[in-house]
Amino acid sequence: KKHVSAGIGYSTDTGKRVSLSFDDLHLFGKDYKLKSALVLQTKKRTAKADIYFLPEADGTRNSFGVLYDRSQIEGEDTRVASANYRRAWGTPRLEKYFTVEYLNENNRIDGFGNEKSHALPVTFGLITRRLNNRLAPTKGYALEAQIGAAVEPILTEKTFVRTYLKVVRFHPVGEKGDLILRGEFGAVMSNGKDGVPSTVLFRTGGDQSVRGYAYESLGVKKGSAVVGGRYLVVGSVEYQYYFIKNWGIAFFVDAGNAVDDLNKLDPAVGYGVGGRWRSPAGPIGVDLAYGQRSGDLRLHFSLGFTF
């Protein structure tokens, strides 16, 4: 009923990693579940705890969580404390959810001092999955869409509306090949960015977005730092060929950026080659990518498929 685990690791996105987690599957003497974790990484430090209540008769699931996160990325030092309530219902093929989250953020950008902000965004989202295999798909698609808003003066410093869309499509090519198409789109609509928590803005770059660039290194330049933008556009095309059972090779092109003005969108392009292994835990990928804008070669790791 209780579980403690510790681990060490390394991420090509966020660096060295040490983690400690504690789960209680019978919290308060009831069938509530507590899942908590402390994760220390080179670029991020996170402490979080979530309580999952008993599912209702129709399968609806309710949870409550708290989180403290500090990240130091591309000249931006962000500390955010949050509390959230989530209600989810539906099936694995079509899941819907509703969240209310309070964000209290302290943000420091190199050369610009501290900025504080807070918001209470309310978000509705849905996830649809039409895949032939949830663990290692080769055919079908998955899509997540969100729309949310925070309104002054309800625990919110600046009114904003946020939309986000993520989609991935798998298409078999011959007997041994797969074509993977991926896209991400996001927008934050508000009267300026001052007072909008950076947590709800967008940056990109890294293992799961535009390979060939450092983690969240693509965004809006502010002095020597890179900060979040109001709009996000990312696209990717990847071809995988499995030449020996579960072993394969991949070729890919990624492009995208985050900006404050869509008319000034200048996508950064990355492309490269990688190795693939369909492991029992899901696909494992090792990619060597070249960032056309930065002129850097970067190594990227990925494990499993989650959506």
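A. Structural context of the pattern of salt bridges. One pass over the structure, following the stated rule, counts 22 salt bridges. Lys 222 is paired through a salt bridge with Glu 115; the nearest N and O atoms lie 3.4 Å apart. Here the residue Lys 222 occupies a position in strand S13 (residues 220–222), and Glu 115 occupies one in strand S8 (residues 113–119), the gap between them amounting to 107 residues. Using a relative accessible area of 26% as the deciding quantity, one classes Lys 222 as partly exposed. Ionic pairing is found between Asp 178 and Arg 278, a salt bridge with its closest N-O pair at 2.8 Å. Residue Asp 178 is located in strand S12 (residues 177–190), and its partner Arg 278 is located in strand S17 (residues 268–279); the two are separated by 100 residues in the primary sequence. With relative accessibility at 6%, the residue Asp 178 sits in the buried group. It is possible to trace a salt-bridge network through shared partners that takes in Arg 182, Arg 211, Glu 238, Asp 254, Arg 276 and Asp 287.

B. Structural detail: the nonpolar core. Core analysis: the biggest nonpolar cluster contains 18 residues, and Phe 160, Val 188, Val 196, Phe 202 and Leu 232 have the highest contact counts within it. Secondary-structure elements contributing two or more residues to this core are strand S11 (160–173) and strand S15 (231–244). Setting aside anything within four residues of it in sequence, one finds Phe 160 in contact with Ala 119, Pro 121, Gly 148, Ala 149, Ala 150, Val 188, Met 189, Ser 190, Val 196, Pro 197 and Val 200. Core analysis: the next-biggest nonpolar cluster, separate from the first, contains ten residues, Tyr 97, Ala 142, Val 168 and Phe 170 among them.

C. How the structure looks around the packing of aromatic side chains. A full pass over the atoms with the stated rule returns six aromatic pairs. Both rings, one in Trp 89 and one in Phe 124, keep their centres 6.4 Å apart while their planes meet at 40°; by these two values the pair is tilted. Note that Trp 89 is positioned in strand S6 (residues 76–91) and Phe 124 in strand S9 (residues 122–131), a separation of 35 residues in sequence. Overall, the relative accessible area of 30% leaves Trp 89 in the partly exposed class. With a centroid separation of 6.5 Å and 15° between ring planes, the pair formed by Tyr 164 and Phe 202 is classed as stacked. Residue Tyr 164 is found in strand S11, and its partner Phe 202 is found in the loop between S12 and S13; the two are separated by 38 residues along the sequence. One exposure class covers both Tyr 164 and Phe 202, and it is buried. The ring of Phe 252 carries the charged tip of Arg 211 above its face, separated from the ring centre by 3.9 Å. Its end group placed over the ring of Tyr 242, Arg 278 keeps NZ or CZ at 3.6 Å from the ring centre.

About the cut-offs
Residues numbered from 1 in each chain as written. Predicted model: local features only at pLDDT ≥ 70, side-chain atom pairs only at ≥ 80, totals over all residues. Heavy atoms only, no water. Salt bridge = Lys/Arg side-chain N within 4 Å of Asp/Glu carboxyl O. Helix = DSSP H or I, 4+ residues; strand = E, 2+ residues; numbered from the N terminus. Buried < 20%, exposed > 50% of the residue type's maximum accessible area, 1.4 Å probe, protein only. Core = buried A, V, L, I, M, F, W, Y, C linked by side-chain atoms within 4.5 Å. Contact = heavy atoms within 4.5 Å. Phe/Tyr/Trp six-rings, centres within 6.5 Å; stacked < 30°, edge-to-face > 60°. Lys NZ or Arg CZ within 6 Å of the ring centre and 35° of its normal.

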